[in-house]
Amino acid sequence: MRIALAGEDRPAQRVAAALSEAGHLAAWFTAQYDQPRVASLAGKAGATLHPDTGLSDGTALKTTYDWLLTVNCARLVPAEVLDAYKGQALNLHNGPLPAYAGRHVTQWGIRNGESRFASTIHYLESGIDTGDVVAETWYDIGPTETGLSLFDRSFRLGTDLMLQVVETLAAGSSLPRRKQDLTLRHLYRHKDALDGRIDWRWSPRQVVDFIRAGNYAPLSSPTYTAHLAHADGPILVLRAEPIDAKGKPGEVLSAESEGLTVACGGGAVRLTQLKRNGKACTAPGLYDPGTILPGRDGV
């Protein structure tokens, strides 16, 4: 069985390594085609390596293989390529479908207060994450999970699942498939996840979840990092905890070594990990108690 892979970073590299070991990797479309590790993985398998633009410039149509797999692939696969594979194309999506279609869905899972999440293997169609579901794996979202930790775990468990599906295909067995109820579909878009301002009307739990969802430390967030406006430049907020206190939404209640305490809807939060100009900073002296911090829509 010969497989074309499309995708980036550790998730795609892990799948590529397993496909190479099993003798299945035939081609790889990736924006990281010039990286030594990627070139090494493809070279060991004797696979052809292409820029990810090859999915849309006709390269992917010159030679087709038994299956096309996409893993952490930001490019949409054109309909003509999907037609060439005659339905034998699968995607690893790091969220449950149909409720979490689109991009940055692990962030949204945290922001929406989910306690459980899933990674999903589904057939590729021209619509975004609309194809029939082949398999899914569910797991808990921990109370201190961050955007980065959940992203990593979703793809680690998802690549395990994709490799199980590949084993099923290699054995000559047919794959299960379940149609999605698209009336339950929600599509999350990149542009919807870029605003890092805190809405102080949110509940303490919502504020804490918003902050940790945008925390990709030590890496840069692909979307937003929660931040506060300050005369000397924005202050990034990486961790927070709910506390029992009251005040006007956005009101600074205290600025102590334990953190900056700010009132919000129905309670307050203590902002415990702050950064300014790329360095950790402490709360004392940042704001005077009684200061009203601006939020979304100036609130």
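No experiment lies behind these values; they were computed from the predicted model shown.

Caption draft 1: Geometry of the side chain of Ser154. By the element assignment, Ser154 lies in helix α6 (residues 147-170). Polar side-chain contacts of Ser154 include one of 3.2 Å to the side chain of Asn94. Each residue touching Ser154, except ones within four places of it in the same chain, is listed here: Asn94, Thr106, Ser119 and Tyr139.

Caption draft 2: View of the environment of Thr70. Relative to the assigned elements, Thr70 resides in strand β4 (residues 67-71). Through-space distance from the C-alpha of Thr70 to that of Thr291 is 49 Å; in sequence the pair is 221 residues apart. With residues near it in sequence (within four places) discarded, Thr70 still touches Ala6, Val77, Leu90, Asn91, Leu92, Leu124 and Met162. Side chain to side chain, Thr70 and Asn91 meet in a polar contact 2.7 Å long.

Caption draft 3: Examining the nonpolar core more closely. Ranked by internal contacts, the top residues of the largest apolar core, which has 37 residues, are Trp200, Leu228, Leu260, Leu271 and Leu274. Broken down by secondary-structure element, the contributors of at least two residues to this core are α5 (105-111), α7 (204-213), β11 (235-243), β12 (252-256), β13 (259-264) and β14 (267-276). The leading source of residues in this core is α7, at 5 residues. For Leu271, the residues in contact, after removing those within four places along its chain, are Trp200, Ile211, Leu228, Val237, Arg239, Ala240, Gly259, Leu260 and Val262. The next biggest cluster of nonpolar side chains, apart from the first, holds 30 residues, and it includes Leu41, Leu161, Val166 and Leu169.

Caption draft 4: Molecular detail of the pairing of β4. Where burial is concerned, most of β4 is hidden: 5 out of the 5 residues are buried. With burial as the criterion, each face of β4 is covered, one bearing Trp67, Leu69 and Val71 and the other bearing Leu68 and Thr70. Pairing of strand β1 (residues 3-7) with β4, which is carried by 5 bridges, proceeds in the parallel orientation. If you follow Gly7 over to β4, its bridge partner there is Val71. When β4 meets strand β5 (residues 89-93), the two strands line up parallel, connected through 4 bridges. Considered in β5, the bridge of Thr70 is made with Asn91.

Rules behind the numbers
- Residues numbered from 1 in each chain as written.
- Predicted model: local features only at pLDDT ≥ 70, side-chain atom pairs only at ≥ 80, totals over all residues.
- Heavy atoms only, no water.
- Helix = DSSP H or I, 4+ residues; strand = E, 2+ residues; numbered from the N terminus.
- Polar contact = N/O pair within 3.5 Å; in protein donor to acceptor, adjacent residues only side chain to side chain.
- Contact = heavy atoms within 4.5 Å.
- Core = buried A, V, L, I, M, F, W, Y, C linked by side-chain atoms within 4.5 Å.
- Buried < 20%, exposed > 50% of the residue type's maximum accessible area, 1.4 Å probe, protein only.
- Pairing = 2+ DSSP bridges.

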